[in-house]
Amino acid sequence: MKYQNLLIDQENDIAIVTINRPNKLNALNKVTIEELHKALKKLDKDAETKVIILTGSGEKAFVAGADIAEFADFSVKKGKKLAAKGQEILFNFIENLSTPVIAAINGYALGGGLELAMACHFRIASDNAKMGLPEVSLGVIPGYGGTQRLPQLIGKGRAMELIMTAGMIDAKKAAAYGLVNHVVALEELMPTTKKIASRISNNSTVAINYAIKAVNAGFNNDVNGYTSEIEAFGTCFGTADFKEGTTAFLEKRKADFPGA
Ligand code: COA
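Residues numbered from 1 in each chain as written. Predicted model: local features only at pLDDT ≥ 70, side-chain atom pairs only at ≥ 80, totals over all residues. Heavy atoms only, no water.

1. Section: unusual backbone geometry
Phi angles above zero are rare outside glycine, and Asn12 is one such case at about 55 degrees. Relative to the helices and strands, Asn12 resides in the loop between β1 (6-11) and β2 (14-19). With relative accessibility at 74%, the residue Asn12 sits in the exposed group. We note that Ala166 has phi near 60 degrees; this positive angle belongs to a residue other than glycine. (Helix = DSSP H or I, 4+ residues; strand = E, 2+ residues; numbered from the N terminus. Buried < 20%, exposed > 50% of the residue type's maximum accessible area, 1.4 Å probe, protein only.)

2. Some words on the domain arrangement of the protein
Each assigned domain of the protein is listed with its residue range as follows: domain 1 (6-201) and domain 2 (205-250). Computed over C-alpha atoms, the centres of domain 1 and domain 2 are 26 Å apart. Counting from both sides, the interface comprises 10 residues of domain 1 and, opposite them, 6 residues of domain 2. For the domain 1 and domain 2 pair, buried surface summed over both sides reaches about 610 Å², with 63% attributable to carbon and sulfur atoms. Across the domain 1-domain 2 interface, the total number found is 0 salt bridges. (Domains from an automatic or database assignment. Contact = heavy atoms within 4.5 Å. Buried area = accessible area lost by both parts, 1.4 Å probe. Salt bridge = Lys/Arg side-chain N within 4 Å of Asp/Glu carboxyl O.)

3. Details of a negative patch on the surface
Negative charge collects at one region of the surface, where Glu59, Asp127, Glu187 and Glu188 lie side by side. Overall, the relative accessible area of 39% leaves Glu188 in the partly exposed class. (Patch = residues over 30% accessible without salt bridge, like charges linked within 9 Å, V, L, I, M, F, W, Y side chains within 5 Å. Areas by Shrake-Rupley, 256 points an atom, 1.4 Å probe, with all protein chains shown as cover. Lys, Arg positive; Asp, Glu negative; His and termini not counted. Charge placed at Lys NZ, Arg CZ, Asp CG, Glu CD.)

4. What about the sheet that holds β2?
Strand order across the open sheet formed by 6 strands is β1-β2-β3-β5-β7-β10, with mixed pairing between neighbours. Looking along the sheet, the strands with just one partner apiece sit at the ends: β1 and β10 (182-184). Taken pair by pair, the neighbouring strands of this sheet meet at an average axis angle of 20 degrees, ignoring direction. Where strand β3 (residues 51-56) lies against strand β5 (residues 101-105), 3 bridges are found, and the strand directions are parallel. By the bridge assignment, Ile52 is partnered in β5 with Val101. (Pairing = 2+ DSSP bridges. Axes fitted to C-alpha atoms, helices over the stretch in contact; angles between N-to-C directions.)

5. Thoughts on the site of the ligand
Contacts to the ligand come from 16 residues, most closely from Lys24, Lys60, Ala64, Ala66 and Ile68. Lys60 places a polar side-chain atom, nitrogen or oxygen, 2.6 Å from an oxygen atom of the ligand. Contact between the ligand and Ala64: a nitrogen atom at 3.0 Å from a main-chain N or O atom of the residue. In isolation the ligand exposes 860 Å². Once the protein is present, 60% of that is buried. Of the residues assigned to the shell around the ligand, the class counts are 9 nonpolar, 3 polar and 4 charged. (Near = heavy atom within 4 Å. Polar contact = N/O pair within 3.5 Å; in protein donor to acceptor, adjacent residues only side chain to side chain. Nonpolar A, V, L, I, M, F, W, Y, C, P; charged D, E, K, R; others polar.)

6. Some thoughts on the packing of aromatic side chains
For any pair of aromatic rings, geometry is given as the distance between the ring centres together with the angle between the planes. Per the stated rule, a full pass over the model turns up 3 aromatic pairs. Centre to centre, the rings of Phe237 and Phe242 are 4.5 Å apart; their planes meet at 40 degrees, and the pair counts as tilted. Phe237 sits in the partly exposed class, given a relative accessible area of 45%. By relative accessible area, Phe242 is classed as partly exposed at 30%. Pairwise contacts between aromatic rings join Phe233, Phe237 and Phe242 into one cluster. (Phe/Tyr/Trp six-rings, centres within 6.5 Å; stacked < 30°, edge-to-face > 60°.)

7. Topic: the nonpolar core
Judged by nonpolar contacts, the single largest core of 48 residues is most densely connected at Ile105, Leu116 and Met131. Once residues lying within four places of it in the same chain are set aside, the contact partners of Met131 are Ile105, Ala109, Leu110, Leu114, Ala125, Gly167, Met168, Ile169, Ala171, Ala174, Leu179 and Val180. The next biggest cluster of nonpolar side chains, apart from the first, holds 15 residues, and it includes Ile14, Ile102, Ala104 and Phe122. (Core = buried A, V, L, I, M, F, W, Y, C linked by side-chain atoms within 4.5 Å.)

8. Some thoughts on the pattern of salt bridges
One pass over the structure, following the stated rule, counts 7 salt bridges. The closest approach of N and O atoms between Glu34 and Lys85, which form a salt bridge, is 3.9 Å. In this pair, Glu34 sits in helix α1 (residues 30-45) while Lys85 sits in helix α3 (residues 76-95), placing the two residues 51 residues apart along the sequence. A salt bridge links Arg253 to Glu244; the nearest nitrogen and oxygen atoms lie 2.7 Å apart.

9. What about helix α9 (residues 205-217)?
Its 13 residues give α9 an end-to-end C-alpha distance of 18 Å, which sits within 8% of 18 Å, the value for a rise of 1.5 Å per residue. Looking at the buried positions of α9, the neighbouring elements they touch are α3, α8 (186-201), α10 (225-236) and α11 (240-250). (Expected span 1.5 Å × (residues − 1).)

10. Regarding the sheet that holds strand β9 (residues 169-170)
Taken together, the 4 strands give an open sheet; going across it, the order is β4-β6-β8-β9, and neighbouring strands pair in mixed fashion. Whereas interior strands pair on both sides, the edge strands pair on one side only; in this sheet they are β4 (61-63) and β9. Pairing analysis gives 3 bridges linking strand β6 (residues 108-110) to strand β8 (residues 130-132), with the strands arranged parallel. Bridged to Ala109 within β8 is Met131.

Put into structure tokens, the structure is as follows:
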């Protein structure tokens, strides 16, 4: 499928999704959000794709935010709808995707861009990356989950300061805060991310899916994370991947997971 604002590259079982609006620093407009939903849904259903890497085109930005030009004249009602729809089809959608999604942050990740990176399962940044939620400088607040995920990742006090000041932190500080897992030189960003993705792809996709669900359950007020873990743990025992994983271990060979 051809997308207006996305590039999709498949390298063995790793899919690389690049947001491609470099002239607008890859800002998330409506078309891009809808295309990301479609592309990720398709890749998630594709048994050949075991890990997805999300990045931005160019050397300057991952995503510099939601497209300000698109919502500048919105009413209260339209503003609520924008946040609700975006959270549903993109941000919550990524967080709950069965396939692991890694954000490779290659420059500015601001506002909706940082919210997008935070919705991914984890993040790796290049050393030129800058992150922040500058919404209050525009008279609005983060609306794509930023007020929830930033405190989860870096703690309430640090999140409050970053949101209230509308400031930016560099990659090194983001790593110290636990917002990104690794910081590497820009030219090393994709090789490093692919190396980690490839390690993930050796494991059981079915078990990884249950692990994502169990971890996310701990951040969902409507369910008990420990109970969800017990449920998911038990379910794994009925899968072909579990049979193969344990058999391979006992036979002292590398597992060849069927993904079922
Ligand atoms: N929405 C819409 N357009 C955006 C954008 C956004 N969030 N971020 C950048 N752009 C556009 C700029 O308008 C400019 O377009 P133009 O060339 O047609 O005028 C282009 O991208 C390049 O950006 P520019 O501001 O010229 O680059 P810079 O290097 O001087 O500054 C930033 C980079 C990231 C500091 C600056 O673009 C910025 O502050 N962006 C907005 C960040 C933000 O507030 N995001 C939260 C939105 S909720």
